[in-house]
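Take a look at the letters that make up each chain.
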Amino acid sequence: MKRKKGWRTFRAAYFILLAAFTAWIALDTFVIPHTYAAGVSGRNASSAASSAVSSSRTSAGTSSASSAASSSQASSGASSSASSSASSAVSTGTTYSGGGVTITVTTCRVDDTDVYVADVTLDSADLLATAFASDTYGRNIKAATSVIAEENDAILAINGDFYGSQTSGYVIRNGVLYRSKAYSADREDLVIYQDGSFGIIREGDVTAQELLDSGAEQVLSFGPALVENGAVAVDSGDEVAKAMTSNPRTAIGIVGDLHYVFVVADGRTSASAGLSLKELADFMCSELGCTTAYNLDGGGSSTMVFNGSVINNPTSGGSIKERSVSDIVYIRTA
Amino acid sequence: MSISGLRKRLGAPGFSYLAAAASCAVFSAVYEHFSHSVYSPWMVCLFLWPLVLGGVPFALLRLDRDPRAGEAARSLWCCGVGTLTAGSLITGVMEIFGGKSEYSPVYWTAGGVLLLAAAAAFFLGSGRAEKTL
């Protein structure tokens, strides 16, 4: 009888421990902030503490990855004809010109979804940058895209790859290697080189250090690649992880030398159904003329900020509001 | 049939496992409903752990009536099933979130060890039960 009672006590104690352990894992994964500093190396490693590194690059302006792309841009709004090297910026609600940057933002209707396209032309590859939330590399260190954009004086920003939700997957930002652990051999990463050109790599084919050594300035690990060598790289069966249907999306593509498109699609609302990866890839390839395009973190994270304002309808927790993310991709002025 | 009648027919352990399976099914259905069509087999099949590992042996085969299934074997088995169910839950949550859980192997290992220990207790109990006959 005493033995029987002992086993029942063991069982009760075990389940209390199991519940406590599981609760701790949930907190550790989603709530408790962890700042990581180890493993930092790179061309700009001396500035590694700051994510928005002002890199001292010497090469800029030429693209090796992008070929001639016939751009049938969806952009239509006000033209941005000001000199891109002008020191004084000219800005409207949908355009920006100055400081080596020309941006035109347009809204399109694609497959019952509002899609926001920022057409970006730069004078220098240095103007395309990334930033971490709170300027800190770590886990559960998050802030709204608009907040990170404001902290970094971004003219245009989209959410990044939410590297902080993973413990693996290459992270190279502004010429600094932060994480060299591969997510999986077939994970496709977007590499933005020092000259502003784009490339798609599989983490099983190359190490993060080799990428850094070959001139990678940014490596974003989410995916998949939407367009490669001017052709759609996904089919209707491809999806992000376990996502099965249309969703809000964020993507970035290159059209020509220092000519990019930032794309955010609404979704999960009565006004916008969202896009599948195939629909997004078709749009970026056929309509925007991208030679390379890459899918970033979507869903509730999808946010585009232009001139300090959120221009899309991000959905988070069932309402229209921004979700906090780990990082952004943004455009700054010279 | 009333709940107490069902409990009597299935036995307390079998009834508890089936109740746990039903709770898991409801939880995963609600969780998946709000996950914007992001599915994880670990979450969808959460209920299978208590149903298959608990409901079948205890409610169907009535192993609780077997003299070899002593308190030790039953307690260890229960802890093992609970651990595997919790592992499935945390893996499912992580997959729906879009990540991988580095802690999942802890659950699989601990759950497996507990089930093996329960099996050992059951079969060691077998010899003891035969001696007492």
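Remember, predicted model here, so these are calculated numbers, not experimental data. (Residues numbered from 1 in each chain as written. Chains lettered and ligands numbered in written order. Predicted model: local features only at pLDDT ≥ 70, side-chain atom pairs only at ≥ 80, totals over all residues.)

Description of the overall build of chain A
Rules: Starting at the N terminus, helices and strands are each numbered in turn, a helix being any DSSP run of H or I of at least four residues and a strand any DSSP run of E of at least two. Put plainly, a residue is buried at 20 or more neighbouring C-beta atoms within 10 Å of its own, exposed at 12 or fewer, and partly exposed in between, counting only other residues' C-beta atoms, which are placed from the backbone. Once C-beta atoms have been placed from the backbone, residue pairs whose C-beta atoms lie within 7 Å are recorded as contacts.
Summing up its helical and strand segments, chain A has four helices and 26 strands in all. Here chain A holds 334 residues, and 50% of them are scored as buried. If you take every contact in chain A between residues at least 6 apart in sequence, the share linking residues at least 24 apart comes to 72%.

Some words on the sheet that holds strand β10 (residues 156-159) of chain A
Two orientations exist for strands paired in a sheet by backbone hydrogen bonds: parallel and antiparallel. Residues and elements named next belong to chain A. Here is the rule we go by: Each pair of strands is called paired provided DSSP finds at least two bridges between the two strands.
One open sheet holds the five strands; their spatial order is β7-β26-β10-β21-β22, and the pairing between them is antiparallel. This sheet does not close on itself; its edge strands, each paired only once, are β7 (128-132) and β22 (309-310). Two elements, β10 and strand β21 (residues 304-306), share three bridges in a ladder whose sense is antiparallel. Along β21, the bridge assignment pairs Ile158 with Met304.

Considerations on helix α2 (residues 12-33) of chain B
Residues and elements named next belong to chain B. How we decide: Take the number of residues in a helix, subtract one, and multiply by 1.5 Å to get its expected span. The directions from the helix axis to the C-beta atoms are what the arc is built from.
Given a rise of 1.5 Å per residue, 22 residues ought to cover 32 Å, and the 32 Å separating the end C-alpha atoms of α2 matches this to within 8%. Of the positions making up α2, those classed as buried are Pro13, Gly14, Tyr17, Leu18, Ala20, Ala21, Cys24 and Ser28. Projection of α2 onto a plane perpendicular to its axis shows the buried side chains occupying an angular sector of 155 degrees, all on one side. Facing away from the buried side of α2 by more than 90 degrees, the exposed set consists of Ala12, Val26, Val30 and His33. Contact partners of the buried residues in α2: α1 (3-10), α3 (41-44), α4 (48-60) and α5 (71-97).

Points about the sheet that holds strand β4 (residues 95-98) of chain A
Residue and element names in this part refer to chain A. We count it as follows: Helix axes use the C-alpha atoms of the stretch in contact, all axes being lines fitted to C-alpha atoms, and the angles between their N-to-C directions lie in the range 0 to 180 degrees.
Strand order in this open sheet of nine strands is β3-β4-β5-β6-β19-β18-β20-β16-β17, and the pairing throughout is antiparallel. Every other strand in the sheet has two partners, leaving β3 (90-91) and β17 (231-232) as the edge strands with one partner each. Bridge count between β4 and strand β5 (residues 101-110): four bridges; the pairing is antiparallel. When the bridges of β5 are listed, Tyr96 appears paired with Ile103. Its contacts with the sheet put helix α4 (residues 277-287) on β5, β6 (113-122), β16 (225-228), β17, β18 (249-256), β19 (259-265) and β20 (292-296), and the angle it makes with β16 is roughly 30 degrees.

Describing the interface of chain A and chain B
Interface extent is often summarised as the accessible area lost during association of the parts. Definition in use: As a working rule, the residues Ala, Val, Leu, Ile, Met, Phe, Trp, Tyr, Cys and Pro are called nonpolar, Asp, Glu, Lys and Arg charged, and the rest polar, with Gly in that last group.
Across the boundary between the two partners, chain A contributes 22 residues, which contact 22 residues of chain B. A breakdown of the residues in the side of chain A that touches chain B according to their chemical character gives nine nonpolar, eight polar and five charged.

Things to note about the environment of Val325(A)
Residue and element names in this part refer to chain A. Mapped onto the elements of the fold, Val325 is located in strand β25 (residues 324-325). The class for Val325 is buried, based on 30 C-beta atoms found within 10 Å. Separated by 162 residues in the primary sequence, Val325 and Tyr163 have C-alpha atoms spaced 8.9 Å apart. Those residues in contact with Val325 that lie beyond four places of it in its chain are Ala133, Lys142, Thr145, Asn159, Gly160, Phe162, Asp297 and Ser301.

Regarding the nonpolar core
As a reminder, the rule being used: Note on terminology: a nonpolar core is any set of buried Ala, Val, Leu, Ile, Met, Phe, Trp, Tyr and Cys residues joined through C-beta atoms within 7 Å.
Membership of the largest hydrophobic core comes to 87 residues, with the highest contact counts inside it found for Leu156(A), Ile172(A), Leu226(A), Val261(A), Ala281(A) and Met284(A). If we ignore the near neighbours within four places in the chain, the residues touching Leu156(A) are Ile103(A), Ala118(A), Val120(A), Phe262(A), Phe306(A), Tyr330(A) and Ile331(A). By size, the runner-up hydrophobic cluster in this structure holds 37 residues, among which are Ala21(B), Val81(B), Val93(B) and Ala121(B).

Quick word on the packing of α1(B) against α2(B)
Residues and elements named next belong to chain B. Here is the rule we go by: Here a crossing is taken to be left-handed if its near helix is turned anticlockwise relative to the far helix by less than a right angle, and right-handed if that turn runs clockwise.
Their axes nearest at 6 Å, the elements α1 and α2 cross at an angle of 115 degrees. Two packed elements cross with a definite hand, and for α1 against α2 that hand is right-handed. Contacts between α1 and α2 involve Leu6, Arg7 and Leu10 from the former and Ala12, Gly14, Phe15 and Leu18 from the latter. Split by residue class, the contact of α1 with α2 holds five nonpolar, one polar and one charged.

Let's talk about the pairing of strand β26 (residues 327-331) of chain A
All names here are of chain A. In terms of burial, β26 is a largely internal element, five of the five residues being buried. Neither face of β26 is exposed, since Asp327, Val329 and Ile331 on one face and Ile328 and Tyr330 on the opposite face are all buried. The pairing of β7 with β26 spans five bridges and is classified as antiparallel. Paired with Ala131 across the bridge in β26 is Ile328. Two strands pair when backbone bridges link them, and β10 and β26 are joined in this way by four bridges, in the antiparallel orientation.

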